[in-house]
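Remarks on the overall topology
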Amino acid sequence: MDHGQRPRRRGQGELEALVLSALREAQGPATAGWVQERLGGDLAYTTVITILTRLLAKGAVTRERAGRSFSWTSASDEAGLAAHRMRRVLDAESDREAVLASFVTGLGPDDERLLRELLGRPRPERAHGGDGGDGGDGGGGGDGQRED
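We now turn to the structure provided with this report. (Residues numbered from 1 in each chain as written. Predicted model: local features only at pLDDT ≥ 70, side-chain atom pairs only at ≥ 80, totals over all residues. Heavy atoms only, no water.)

**Considering the packing of aromatic side chains**
Put simply, the rule is: Pairing of aromatic side chains here covers Phe, Tyr and the six-membered ring of Trp, requires ring centres within 6.5 Å, and sorts the geometry by plane angle: under 30 degrees stacked, over 60 edge-to-face, intermediate tilted. Charge-over-ring placement is defined geometrically: NZ (Lys) or CZ (Arg) within 6 Å of the ring centre, and within 35 degrees of the ring normal.
This structure, assessed with the given rule, holds one aromatic pair. In this arrangement the basic side chain of arginine 63 is found over the ring face of phenylalanine 70, its NZ or CZ atom lying 4.0 Å from the centre.

**Things to note about the pairing of strand β1 (residues 61-66)**
Note the following rule: By the convention used here, strands pair only if DSSP detects at least 2 bridges between them. Labels follow the DSSP assignment, with helices taken as runs of H or I lasting at least four residues and strands as runs of E lasting at least two, numbered in each case from the N terminus.
Pairing analysis gives six bridges linking β1 to strand β2 (residues 69-74), with the strands arranged antiparallel. Paired with glutamate 64 across the strands is serine 71, a residue of β2.

**Quick word on the packing of helix α4 (residues 78-91) against helix α5 (residues 96-105)**
Here is the rule we go by: Convention adopted: a line fitted to C-alpha atoms gives each axis, helices being fitted over their contacting stretch, and angles between N-to-C directions are expressed from 0 to 180 degrees. Oblique is the label for any angle not covered by the other classes, which are roughly parallel (under 35 degrees), roughly antiparallel (over 145) and roughly perpendicular (65 to 115). Between two residues, a contact is recorded if the distance between any of their heavy atoms is within 4.5 Å. Residue classes follow a fixed rule: Ala, Val, Leu, Ile, Met, Phe, Trp, Tyr, Cys and Pro count as nonpolar, while Asp, Glu, Lys and Arg count as charged, and any other residue, Gly among them, counts as polar.
It is at 9 Å that the axes of α4 and α5 come closest, and there the two elements cross at 135 degrees. Taken as axis vectors, α4 and α5 run oblique relative to one another. Here Met86, Leu90 and Asp91 of α4 lie close against α5, whose contacting residues are Arg96, Val99, Leu100 and Phe103. When grouped by side-chain class, the residues that make up the contact of α4 with α5 number five nonpolar, no polar and two charged.

**Looking at the nonpolar core**
The test is simple: Joining through side-chain atoms within 4.5 Å is the link that ties buried Ala, Val, Leu, Ile, Met, Phe, Trp, Tyr and Cys residues into a set, and such a set is a nonpolar core. Each residue is assigned to one of three classes by its accessible area relative to the maximum for its type, calculated with a 1.4 Å probe on protein chains only: buried under 20%, partly exposed between the two thresholds, exposed over 50%.
In terms of nonpolar packing, the biggest core is built from 20 residues, with Val19, Leu23, Leu52, Leu55, Val61 and Trp72 touching the most fellow members. When contributions to this core are tallied by element, the ones reaching two or more residues are α1 (12-25), α2 (32-38), α3 (45-57) and β2. Residues contacting leucine 55, with those up to four places away along its chain left out, are Glu16, Val19, Leu20, Ala60, Val61 and Leu81.

Have a look at this one:
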């Protein structure tokens, strides 16, 4: 075994994006083993399961029982996952107004123009009641599964 050549360690967000991308390429619900294969097999099966479980808690994937395991389906894209991370950061701060003001003043002119345009549009109906929560579809937590 060559100890000098360790694979590059990827961040959680990068792994989640890779798993979501693989699920979106599937022709239907996919098993964790299929996702692992699709990603080249360099991730441990347990790592793939952990990532899928975290994505489930975020409402980014859904799962259904398939025998003794689960089949997984993408319910969100990378933009939705990034938006979830942004909300989580904002939720951790005590002065939301200051954080949002600082964020907006740091935007470039094109991004600011886009944000103003988006804010001027009517808000679409949201399945989770518009509270900025975790998706509220009942898909995460409370299922007895550990989130290692």
